[in-house]
Amino acid sequence: MSGSRLKNRKRLSTSAVSSVSRLAVLLIIIIMGCIIDSSFLSMRNISNNLANASILIVLGIGQTIAIITNGPDLSSGSVMTICGVIAAILMKSYDVNFVLAILLAVLVGCFLGALNGYMIAYVGLPSFISTYGLQWAVFGFAYVILKGYVLYDFDPTFRFIGNGSLFGFLQMTTVVMVVFVIFGTLLLKKTNFGRQCYAVGSNREAANMSGIDPQKVIMKAFILSGMLSGVTGILYVARMNTVQSDIGSAYLLPVLATVYMGGTSASGGEGGIWGTVVGALVMTMVTNCLNLLAVPSEWRDAIIGVLIIVTVLLDITVKKRMAKRKRVTV
Amino acid sequence: METNYLIEMQHITKIFPGVKALDDINFTLKPGEVHVLLGENGAGKSTLMKVLAGAYTPDAGTLLAEGREITRFDPITAKKNGIGIIYQEFNLVPYLSVAENIYIDHMPPKMGVLVDRKQMHQQADKLLHDMKMNVDAHALASEIPVAQQQMVEVAKALTHDLKVLIMDEPTASLSEVEIQQLFEIVRSLTKQGIGVIYISHRLQEISQIGDRITIMRDGKYICTKDVKDTSPEEIVKLMVGREIVDLYHRNRQKPGEVALKVEHLYSEKERLSDVGMELRRGEIVGLAGLVGAGRTELARAIFHVDPYEKGDVTLLGKLADKKQSPRDMIERGLSLIPEDRKRQGLSLILPIAQNIVMASLSKINPRGWIRAAAEKKCVDQYIKELNVITPSSEQLAGNLSGGNQQKVVLAKWLCTKAEVIIFDEPTRGIDVGAKKEIYAFMDELVKTGKAILMISSELPEIIGMSDRIYVMRDRKIVKELQSNEATQEMIISYAMEGAIEEERQDG
């Protein structure tokens, strides 16, 4: 048979090689950081970088699940905002216990995710339209209920989630992030639901023929994305100790860049949480380097933009090479 | 130098990283002949044709077109030399009209920059008429049936000064009648002195259309023969390098209890009307008919992918509810192996292993947690049983050859432990070696008491594999035949009653 000649060849899988290429980018940035400033790898700086990356990572987990299953959730920044705002108002204006406030806010996140899921899976709107439309509505709503005020100075127990630390160096935000990374990874890699996400995202029709209900899976994926956006909102408020009606708007594009840099395919069915974690670390550490170098902010955006394109290009090139070699041998 | 060959390829070699895709290939084409190029998947036929069409540059060897040596390899030079190619996957632009597609690279100009649409449509109409084709040149390419799309591809090639036409598996998605129409066109081309290179997996077509055959195996040239001097058995032997005897091997047995029963099924959307049939354990039942007769639609209704309004589907003694989903049917023991494996059967960007367990996730992992060991056991078992050739189960399904992909689809459905399996065109586009393996497996399945409904457009396959045959026409089952009394002619005549009678009157 034609394929017999590859029987005794063993190669790294495409995904393994492409994650190596991403780690290489991360490594280069860490080395550059060390050259720029000898304290780059100090416990303190690492701890800060991790904590700063955490917001991007938690938001990115939901985004990754949504993109793998169907398409980007462009409402995630706004859902993050409204959940932060709701939790803040409940605590400040209604003296609601912070645990209850968190639960209610995350519930709102789930509800907004469900709304997206319903529009996409059952009504049949493209995810881009549904989530982009919802983003505008939710930002508008956040502005209306906050009336342009800034809320700040929250209960210290609540704030512990955001800026407390364990053993002096492990910041709580990082702990929360790690919990959700484990949660997301297990969900995608170790459950039937995770398998169904990849199945629906890679070929919806084949998934349907295999007895997987694509509508249900898409619904669940967007609920998760909404929930994680909500969690991110809480994390942000607890860390920054302040909330306004536009906190999430600065996160939407970076989080998309993070997920795509992490190797999750824009056409669905491919990618994972680890890539997103690496992507977020790259983003955060580059920003850190640029800060250390005191690069003016207008140049910063340009540099980050180039970095995003280069990272994704590298990933695509590696995958193409691998695919070419494979296609020929099989 | 004067030569009477249109094309002469000498010692062509093409090396890709790690593999010799073409190894010292010789190939010639005379004016007015149909030269059939044969070989299993991966033998190098398509690579060779891509060299000829200018898509690849060979690493060694010479290519002569009408005696002149070709040194530049690009599609435009090839076109200038009169070489046209119709790929297996068509290159029509779906939202352009037939005429626009035909003249896509040289639309008749008007006032320098504009397109003279009127003239273009007139030319297209005339061209289609000359080919005796009943296609509206104004229709969008996406609106016309696959067979006509094929004809449009031929018409497109004809608008250039065509000397050589390469057709890569042109009949893969055509019905018997459409194949005959296509052959008529091919014959009219050869009468004009055009040489046709024809790639196909369907052996029975060779004697109908071919003059000479060249056989390739594993990137190597095996031999060239006149069709009249050879036999299908010899061809198969040369192709696979070993003898394949008894392609449709069956261990027939007495059928058991009724496994699937369909009564008075009506579907508004799919226009199915009053379909009734039954399938017993231990039986392979063939479902024959022309493309569009409603065979796939019936299978999809039985599997509850598409809705039906009236009628009863009884699976293993239990009546199915009209509202049920494919998932319910899978749980009750039904499988549908779809016709279009790339669109409906597989996730090409996922690993083989994930494809295999896709339809049985809740069976293997009843609590929702992946049980890696159980999955691996299932995956390894079917990769071995079905002889899927792959370096590992983590290989992406898209990297496999057609035959191996089909085996993965098969593994996916066997993994569900189905009792009743519907195969829709199980061997379309796969080579004879893999075909034989799939047939043997089907026989094995019914021997263990499972029941198989097989939809197929290949009549020898239907007759060779089935115990009974249902023939569909116009969305109805019109005839039930025992396979030992059925002939190809009988099946065709039931499948297209009207057409045959007309022909008889004409002749």
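Please read all numbers here as calculations on a predicted model, not as lab measurements.

Definitions and limits used
- Residues numbered from 1 in each chain as written.
- Chains lettered and ligands numbered in written order.
- Predicted model: local features only at pLDDT ≥ 70, side-chain atom pairs only at ≥ 80, totals over all residues.
- Helix = DSSP H or I, 4+ residues; strand = E, 2+ residues; numbered from the N terminus.
- Rg over C-alpha atoms; globule rule 2.2 N^0.38 Å.
- Buried ≥ 20, exposed ≤ 12 C-beta atoms within 10 Å, placed from the backbone.
- Contact = placed C-beta atoms within 7 Å.
- Pairing = 2+ DSSP bridges.
- Axes fitted to C-alpha atoms, helices over the stretch in contact; angles between N-to-C directions.
- Parallel < 35°, antiparallel > 145°, perpendicular 65-115°, else oblique.
- Right-handed = clockwise from strand over helix to strand, strands pointing away.
- Left-handed = near helix turned anticlockwise from the far one by under 90°.
- Nonpolar A, V, L, I, M, F, W, Y, C, P; charged D, E, K, R; others polar.
- Core = buried A, V, L, I, M, F, W, Y, C linked by C-beta atoms within 7 Å.
- Expected span 1.5 Å × (residues − 1).

Peer 1: I tried to follow the overall build of chain A on my own but got confused; where do I start?
Peer 2: From N to C terminus, chain A includes 13 helices and 4 strands. Relative to the globule expectation of 20 Å for 330 residues, the C-alpha radius of gyration of chain A, 21 Å, shows essentially globular dimensions. Viewed in the frame of its principal axes, chain A has a C-alpha envelope of about 75 × 55 × 35 Å. The buried share of chain A, reckoned over its 330 residues, is 52%. Taking the contacts inside chain A whose residues are at least 6 apart along the sequence as the reference set, 79% of them involve residues at least 24 apart.

Peer 1: Sorry, what's going on with helix H1 (residues 45-52) of chain B here?
Peer 2: One turn of the α-helix equals 3.6 residues, which is why residues spaced by three or four share an orientation. Residues and elements named next belong to chain B. Burial within H1 is extensive, with 8 of its 8 residues counted as buried. Those residues of H1 lying buried are Lys45, Ser46, Thr47, Leu48, Met49, Lys50, Val51 and Leu52. Looking one or two residues beyond H1, the residue adopting positive phi is Gly54, at roughly 85°.

Peer 1: How should I be thinking about the pairing of strand E15 (residues 284-289) of chain B in this particular structure?
Peer 2: Consecutive side chains of a regular strand alternate in pointing toward one face of the sheet and then the other. All names here are of chain B. Within E15, 6 of the 6 residues are buried, which leaves it mostly tucked inside the rest of the structure. Residues of E15 alternate between two faces, with Ile284, Gly286 and Ala288 on one and Val285, Leu287 and Gly289 on the opposite face, all of them buried. The pairing of E15 with strand E20 (residues 451-455) spans 4 bridges and is parallel. Bridged to Ile284 within E20 is Ile452. Sheet topology places E15 next to strand E21 (residues 468-473); 5 bridges connect them, and they run parallel. Within the sheet, the bridge partner assigned to Gly289 lies in E21 and is Met472.

Peer 1: Is there a simple way to think about the sheet that holds E15 of chain B in this case?
Peer 2: Residue and element names in this part refer to chain B. Taken together, 6 strands build an open sheet; the order of strands is E18-E19-E20-E15-E21-E22 and the sheet is mixed. Only two strands of the sheet have a single neighbouring strand rather than two, namely strand E18 (334-337) and strand E22 (476-482). Averaged over neighbouring strand pairs, the angle between their axes works out to 20° when direction is ignored. Note that E18 and strand E19 (residues 420-424) share 4 bridges and pair parallel. Bridged to Leu334 within E19 is Val420. Along the sheet, helix H16 (residues 432-447) contacts E15, E19 and E20; its crossing angle with E20, the most-contacted strand, is approximately 145°. With respect to the sheet, helix H18 (residues 488-495) is in contact with E15, E21 and E22, its orientation differing from that of E21 by roughly 30°.

Peer 1: What's the story with the packing of helix H8 (residues 192-202) of chain A against helix H10 (residues 214-240) of chain A in this structure? I'm lost.
Peer 2: Two measures define how a pair of helices packs: the angle their axes make with one another and the distance between the axes. Residue and element names in this part refer to chain A. Interaxial distance between H8 and H10 falls to 10 Å at its minimum, and their mutual angle equals 110°. When the interaxial angle is binned, H8 and H10 end up roughly perpendicular. Across the interface between the two elements, Phe193, Gln196, Cys197 and Val200 from H8 touch Pro214, Val217, Ile218, Lys220 and Ala221 from H10.

Peer 1: Any chance you could explain the pairing of E20 of chain B here in plain terms?
Peer 2: Residues and elements named next belong to chain B. Most of E20 is tucked away: 5 of the 5 residues are buried. Where burial is concerned, the two faces of E20 agree: the one with Ala451, Leu453 and Ile455 and the one with Ile452 and Met454 are both buried. In this structure, E19 lies alongside E20, joined through 5 bridges in parallel fashion. For Ile422, the partnering residue across the bridge sits in E20 and is Leu453. Each parallel crossover has a hand, and for E19 linked through H16 to E20 it is right-handed.

Peer 1: Is there a simple way to explain the environment of Leu103 of chain A in this structure?
Peer 2: Mapped onto the fold, Leu103 of chain A is located in helix H4 (residues 98-123). Taking the C-alpha atoms as reference, Leu103 of chain A lies 9.9 Å from Cys83 of chain A; in sequence the two are 20 residues apart.

Peer 1: Is there a simple way to explain the packing of H4 of chain A against H10 of chain A in this structure?
Peer 2: All names here are of chain A. One way to put it is that H4 packs onto H10 with a least axis distance of 7 Å and a crossing angle of 150°. In the crossing of H4 with H10, the sense of the turn from one axis to the other is right-handed. Residues that form the contact of H4 with H10 fall into these classes: 19 nonpolar, 10 polar and no charged.

Peer 1: Any chance you could explain the environment of Glu143 of chain B here in plain terms?
Peer 2: All names here are of chain B. Its location among the elements puts Glu143 in the loop between helix H4 (117-130) and helix H5 (146-158). A residue is classified by how many C-beta atoms lie within 10 Å of it, and Glu143, with 14 of them, is partly exposed. Linking Glu143 and Tyr5, residues 138 residues apart in sequence, is a C-alpha distance of 40 Å.

Peer 1: Where do I start with the sheet that holds strand E13 (residues 258-267) of chain B in this structure?
Peer 2: Strands in a sheet are paired, the pairing made by backbone hydrogen bonds, and the direction either parallel or antiparallel. Residue and element names in this part refer to chain B. Spatially, 4 strands are ordered E14-E13-E16-E17 in an open sheet, and the strand pairing comes out antiparallel. The sheet is open, and its two borders are formed by strand E14 (272-280) and strand E17 (318-319), each paired with just one other strand. Where strand E16 (residues 310-315) and E17 come together, 2 bridges link them in antiparallel fashion. Bridging across to E17, Thr314 finds its partner in Leu319. Lying on the sheet, helix H9 (residues 295-302) is in contact with E13, E14 and E16; it crosses E14 at an angle near 70°.

Peer 1: Before we go on, may I ask you to explain the nonpolar core in this structure?
Peer 2: Residues Val58, Cys83 and Ala87 of chain A together with Ile356, Ala411 and Ile452 of chain B are the most contacted members of the largest nonpolar core, which totals 178 residues. Here this core takes 15 residues from H10 of chain A, the largest share from any one element. Those residues in contact with Val58 of chain A that sit more than four places away from it in its chain are Met177, Phe180, Leu228, Val231, Thr232 and Leu235 of chain A. Met49, Ala78, Tyr221 and Ile235 of chain B belong to the second largest nonpolar core, which has 62 residues in total.

Peer 1: Is there a simple way to explain helix H12 (residues 273-292) of chain A in this structure?
Peer 2: Residues and elements named next belong to chain A. Under the 1.5 Å per step criterion, the end-to-end length of H12 is 29 Å for 20 residues, consistent within 8% with the ideal 28 Å. The element H12 is largely enclosed, with a buried count of 16 among its 20 residues. Positive backbone phi, approximately 55°, marks Ala294, located one or two places after H12.

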